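So the chains spell out like this:
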Amino acid sequence: MAMPAEAPTNSTIVADYRTRTPASAALFEQARTLFPSGITHDTRYLDPWPLYVERGQGSRKWCADGHEYVDYFGGHGALLLGHGHPAVVEAVRRQVATGTHLGASHELEVRWAELVTRLVPCAEKVRFTSSGTEASHMVLRLARAFTGKLKIVRFIGHFHGWHDQVVAGSVSHYEGGVPVGVLPSIVDLSIVMPTDDVAPTVQLLEERDDIAAVILEPSGASWGQVPLPPGFIQALREATARRGVLLIFDEVITGFRWSPGGAQGALGITPDLCILAKIVAGGLPGGAVAGRRDIMDLLDFAATRAGKREKVGHQGTYNANPLSAAAAVAALEIVATSDACARANATTARLRDAMQQVLVEEGAPWGVYGEASSFHIFPNPGGLKIDPATFDPRKHGFKVLKGNRDGALIGKIRMALMNEGVDIMPSPGGLVSSVHDGTDVDHTAEGLRRAVRALKAEREVRGAV
Ligand code: PMP
C-alpha cells in the first residue's frame, strides 16, 4: 500500500496513529493529489493525515481501518440526535424516492418553517439558505438594508462562517489586518471588539451613528471556548435597543442545542434576528435566517412594494431543499417533543465531570469546561499553572483560551485520543448528542487518562498544577 512520505517522528503517539490507520493513509495519498492539503474543510486538517471515516451510528463512528470511535465531531455539530437517527433516516429515504429537487415550493418547507418559528423565540419569519455562511451573509445584508447603516460590530474570535465580511479577527488577524484575498474595503466595515468587558462596545454604540448591527455567538467565541462575562449579552441587548441597532445571534451551533429554543431560549434574551444551520437541517445541508417580521419583510415582494422600500434579493438553488427539509422536520419534531436537548446536556455535564476527574487524578494542568452539550479542553500550550479542579475559563482571556492555539500539540492530543477510540474536534473539544450515554462517558474518560499519560511521556503536558 502506498503511504505518504513519512516525516521522521520520535513520537509514539504519532507512530501508533500511523500504524492504526493505513487505509486512511492510502486514501490520503490519493486525496492530496486532488485537494489542497488533501482535505475539504480546514478543520479536518491533521498531520500526517486525517482520519477517513466510513460509517456512523448513534454516538459512534468507524474509520476506514474498522476502528470504532466515540464521536464528538457530531457532524461539525449538526447531529444533536447522533448518527442515523431512525426517524431522520426514514424521512430522507422516503423523500429521496419522491424527489430531491422539485424546483418548486413544497409542503415540507412549510412544516420546517413552522417548527423553526415555534421553537425559536425571535423567529417571526424565516428564510432557508444552504449553509450557515450563506445565512450569515444574508443577515448582514438585511441588517444594512433595514437600518440604512453600513458598519457591523463583531467580536474577536467569534466565527460567523467564511465569507469576506466576517473572516478578519475570527480565526486569524486578531491584531487587525486584511486576510489574503479579502477586500480591504469590506474588512473596514467591521468593527471587531474585545469580549473581556462589554463597556467599550456599549460606549461605541452610544457614540456612533453608523452601526447597523451587532452580531455574536451568544455562547462566546467558538461555542463557548471563550465564555462571555456575566451580563454581557443583556448589556448588548439594552444598548442596541436604545440605539436602534439590530442585535443578531449566531445560533448556528447553539440553535436547538443550548435549549430547544437555542441560546436565546436558554438566556431569555431575544435578539432581533438570528442565523441557524447544522441542527436546523437535521444533519443535511441547510441554514436559515429568522427574526422580526418587520425586518424579514424586506425580503417580501408585497410588503416592500407597500412600504415603498427596495426589496432585498434572495436566491439559492438548494434553499429549503426537500431532502434537507425532510431531515429537518423529522429532527426538529423530536427536539420539540422530547427531552433530546436536556438528555444531551445531562450526559455532557457527566462527561465534563469525568474528564475533569481524570485531569485531577493524573495531575494534568489542563482545564475542561463548557456549556450545554459542549465541552472544551484547555491544553495549556503556554505552560501556565492550572489546577484542573478549579479551572475557570473566565479568569483567562481570549488570548490564552483561543488566541494562543498550538496546532501541533492539538494534533497530538487528537491522535492520542483517536488511538484510544475517541474522536474530538480540534478546538480541542466536542459536541455531544442525545444518544451518547454512560458507556461513552466511561470510555472517553479512560481514553483521556491513557492519552494524558502518553502525552506526558512525550513532555506534551506542560505547566504545573
Ligand atoms: N457560525 C458559527 C457559529 C459556526 O460554528 C459555523 C460553522 N462552524 C458557521 C457560522 C458557518 O456555518 P456553515 O459551516 O454551515 O457555513
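Residues numbered from 1 in each chain as written. Predicted model: local features only at pLDDT ≥ 70, side-chain atom pairs only at ≥ 80, totals over all residues. Heavy atoms only, no water.

Draft legend 1. Quick look at the overall build of the protein chain. On a plain count of helices and strands, the protein chain comes out with 17 helices and 14 strands. In terms of C-alpha radius of gyration, the protein chain reaches 22 Å, essentially the compact-globule figure of 23 Å for 465 residues. Projecting the C-alpha coordinates of the protein chain onto the three principal axes gives extents of approximately 70 × 55 × 45 Å. A total accessible area of about 19,400 Å² is found for the protein chain, and carbon and sulfur atoms account for 53% of it. The protein chain carries 47 positive and 50 negative side-chain charges, and their two centres are separated by 2 Å. (Helix = DSSP H or I, 4+ residues; strand = E, 2+ residues; numbered from the N terminus. Rg over C-alpha atoms; globule rule 2.2 N^0.38 Å. Areas by Shrake-Rupley, 256 points an atom, 1.4 Å probe, with all protein chains shown as cover. Lys, Arg positive; Asp, Glu negative; His and termini not counted. Charge placed at Lys NZ, Arg CZ, Asp CG, Glu CD.)

Draft legend 2. Expanded view of the packing of helix α14 (residues 340-362) against helix α17 (residues 438-457). Close contact between α14 and α17 brings their axes to 9 Å; oriented N to C, the two are set at 30 degrees. Considered as vectors, α14 and α17 are oriented roughly parallel to each other. Crossing of α14 against α17: the hand is right-handed. In this structure, α14 contributes Thr-347, Arg-350, Leu-351, Ala-354, Met-355, Val-358, Leu-359, Glu-361 and Glu-362 to the contact, and α17 contributes Gly-438, Val-441, Thr-444, Ala-445, Leu-448, Arg-449, Val-452, Arg-453 and Lys-456. (Axes fitted to C-alpha atoms, helices over the stretch in contact; angles between N-to-C directions. Parallel < 35°, antiparallel > 145°, perpendicular 65-115°, else oblique. Left-handed = near helix turned anticlockwise from the far one by under 90°. Contact = heavy atoms within 4.5 Å.)

Draft legend 3. Layout of the packing of aromatic side chains. Scanning the entire structure with this criterion turns up seven aromatic pairs. Considering the side-chain rings of Tyr-369 and Phe-391, the 5.7 Å spacing of their centres and the 50 degrees angle between planes classify their relative orientation as tilted. With Tyr-369 in strand β11 (residues 367-369) and Phe-391 in the loop between β12 (374-378) and α15 (398-403), this residue pair connects regions lying 22 residues apart in the sequence. The residues Tyr-369 and Phe-391 share a single accessibility class, namely buried. Among the aromatic residues, ring-to-ring pairing joins Tyr-369, Phe-378 and Phe-391 into one connected group. (Phe/Tyr/Trp six-rings, centres within 6.5 Å; stacked < 30°, edge-to-face > 60°. Buried < 20%, exposed > 50% of the residue type's maximum accessible area, 1.4 Å probe, protein only.)

Draft legend 4. View of the pairing of strand β10 (residues 287-291). Burial runs high along β10: five of the five residues are buried. Burial of β10 is two-sided: the residues Gly-287, Val-289 and Gly-291 facing one way and the residues Ala-288 and Ala-290 facing the other way are all buried. Summarising the sheet, strand β4 (residues 125-129) and β10 pair through five bridges and their orientation is antiparallel. Across the sheet, residue Arg-127 finds its bridge partner in β10, namely Val-289. Pairing between strand β9 (residues 273-277) and β10: five bridges, direction antiparallel. The partner of Ala-277 across the bridge, within β10, is Gly-287. (Pairing = 2+ DSSP bridges.)

Draft legend 5. Quick peek at the pattern of salt bridges. With the rule as written, the count across this model stands at 28 salt bridges. Salt-bridge contacts for Arg-450 lead to Glu-420; the nearest nitrogen and oxygen are separated by 2.8 Å. Of this pair, Arg-450 sits in helix α17 while Glu-420 sits in the loop between α16 (407-418) and β13 (422-423), and the two are 30 residues apart along the sequence. The partly exposed category is assigned to Glu-420, whose relative accessible area is 22%. A salt bridge links Arg-462 to Glu-460, with the nearest nitrogen and oxygen atoms 3.0 Å apart. Salt bridges linked by common partners bring Glu-361, Glu-362, Glu-446, Arg-449 and Arg-453 together as one network. (Salt bridge = Lys/Arg side-chain N within 4 Å of Asp/Glu carboxyl O.)

Draft legend 6. Here's a closer look at the confidence of the model for the protein chain. Chain-level statistics for the protein chain give a pLDDT mean of 97 and a share of 98% at 70 or above. Under a pLDDT of 50 for its full length, residues 1-5 has, in the predicted model, 14 contacts with residues more than four places off or in other chains. (pLDDT = per-residue confidence, 0-100.)

Draft legend 7. How the structure looks around the site of the ligand. In the vicinity of the ligand, the residues found are Ser-131, Gly-132, Thr-133, Phe-159, His-160, Gly-161, Glu-217, Asp-250, Val-252, Ile-253 and Lys-278. Gly-132 is positioned with one of its backbone polar atoms (N or O) 2.8 Å from an oxygen atom of the ligand. A distance of 3.2 Å separates a nitrogen atom of the ligand from a polar backbone atom of Phe-159. Computed on the free molecule, the ligand has an accessible area of 390 Å², of which 81% lies beneath the protein chains in the complex. Partitioned by chemical class, the residues of the shell around the ligand number three nonpolar, five polar and three charged. (Near = heavy atom within 4 Å. Polar contact = N/O pair within 3.5 Å; in protein donor to acceptor, adjacent residues only side chain to side chain. Nonpolar A, V, L, I, M, F, W, Y, C, P; charged D, E, K, R; others polar.)

Draft legend 8. Representation of the domain arrangement of the protein chain. In terms of domains, the protein chain is made up of domain 1 (12-82 + 340-457) and domain 2 (86-337). Computed over C-alpha atoms only, the centres of domain 1 and domain 2 are separated by 27 Å. In this complex, domain 1 contributes 30 residues to the contact, which on the side of domain 2 involves 29 residues. For the pair domain 1 and domain 2, the two sides together bury roughly 2,400 Å², of which 64% comes from carbon and sulfur. Joining domain 1 to domain 2, the criterion identifies one salt bridge. Here Lys-399 and Glu-175 are joined by a salt bridge, their closest N and O atoms 3.8 Å apart. (Domains from an automatic or database assignment. Buried area = accessible area lost by both parts, 1.4 Å probe.)

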